[in-house]
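Listed below, chain by chain, are the residues.
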Amino acid sequence: MGQIPHSDRENPWLDFDMDKEKVVARLHKRIDKASRKIDELKLQTHLAKADARVSYEERIRSLDDQRDKLRDEIHRLQHLTSDAWEDVAEGCKNSWIELKTSLQKAADEFKS
């Protein structure tokens, strides 16, 4: 499995040998943080000029979809046997990286 550099403290897989419940708990914290950031961006969308608002709203919908996909994967991960969870965890990791990257790009775009 590919690993994210250990210097990334946001990474729930710093110790992939940890048990499933700890990974799920860390993912829930990350998704809660992402949801708060999406809410902040939604507020900025409402304050944006009309011509930028449509683009921002599309970006927000995409972020909501990515977050919902990760929530679904976390839910699936929670209900798997201990033998099968690592494969699904890899998908969760990839979804988290995608969501985190998209959030950062959106935040940077909204600042401009």
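Rules of the game
- Residues numbered from 1 in each chain as written.
- Predicted model: local features only at pLDDT ≥ 70, side-chain atom pairs only at ≥ 80, totals over all residues.
- Heavy atoms only, no water.
- Salt bridge = Lys/Arg side-chain N within 4 Å of Asp/Glu carboxyl O.
- Helix = DSSP H or I, 4+ residues; strand = E, 2+ residues; numbered from the N terminus.
- Buried < 20%, exposed > 50% of the residue type's maximum accessible area, 1.4 Å probe, protein only.
- Expected span 1.5 Å × (residues − 1).
- Contact = heavy atoms within 4.5 Å.

### Considering the pattern of salt bridges
Scanning the entire structure with this criterion turns up seven salt bridges. Between Arg71 and Asp68 there is a salt bridge, and its shortest N-O distance comes to 3.8 Å. Here the residue Arg71 and the residue Asp68 both occupy positions in helix H2 (residues 50-78), the gap between them amounting to three residues, near one helical turn. Where Lys93 meets Glu90, a salt bridge forms, and the shortest distance between an N and an O atom there is 3.6 Å. Of this pair, Lys93 and Glu90 both sit in helix H3 (residues 85-111), three residues apart, which is roughly one turn of that helix. No difference in accessibility class separates Lys93 from Glu90, as the two residues are buried. By sharing partners, the salt bridges in this structure join Lys42, Asp64, Arg67, Asp68 and Arg71 into a single network.

### Observations regarding helix H1 (residues 20-47)
The periodicity of an α-helix, 3.6 residues per turn, causes residues three or four places apart in sequence to face the same way. Over its 28 residues, H1 runs 41 Å from end to end, which matches the ideal 40 Å to within 8%, given 1.5 Å per residue. Turning to H1, its buried residues number three or more, namely Lys20, Val23, Val24, Leu27, Arg30, Ile31, Ala34, Ser35, Ile38, Leu41 and Thr45. As for H1, its buried residues are in contact with H2 and H3.

### Focus: H2
Taking 1.5 Å per residue as the helical rise, H2 with its 29 residues ought to reach 42 Å, and the 42 Å between its terminal C-alpha atoms agrees with that figure. Within the span of H2, buried status applies to Tyr56, Ile60, Leu63, Asp64, Gln66, Arg67, Leu70, Glu73, Ile74 and Leu77. Along its buried surface, H2 packs onto H1 and H3.

### Re the environment of Val23
As for its placement among the helices and strands, Val23 is situated in helix H1. Overall, the relative accessible area of 0% leaves Val23 in the buried class. Counting along the chain gives 70 residues from Val23 to Lys93, while the straight-line C-alpha distance between them is 10.0 Å.

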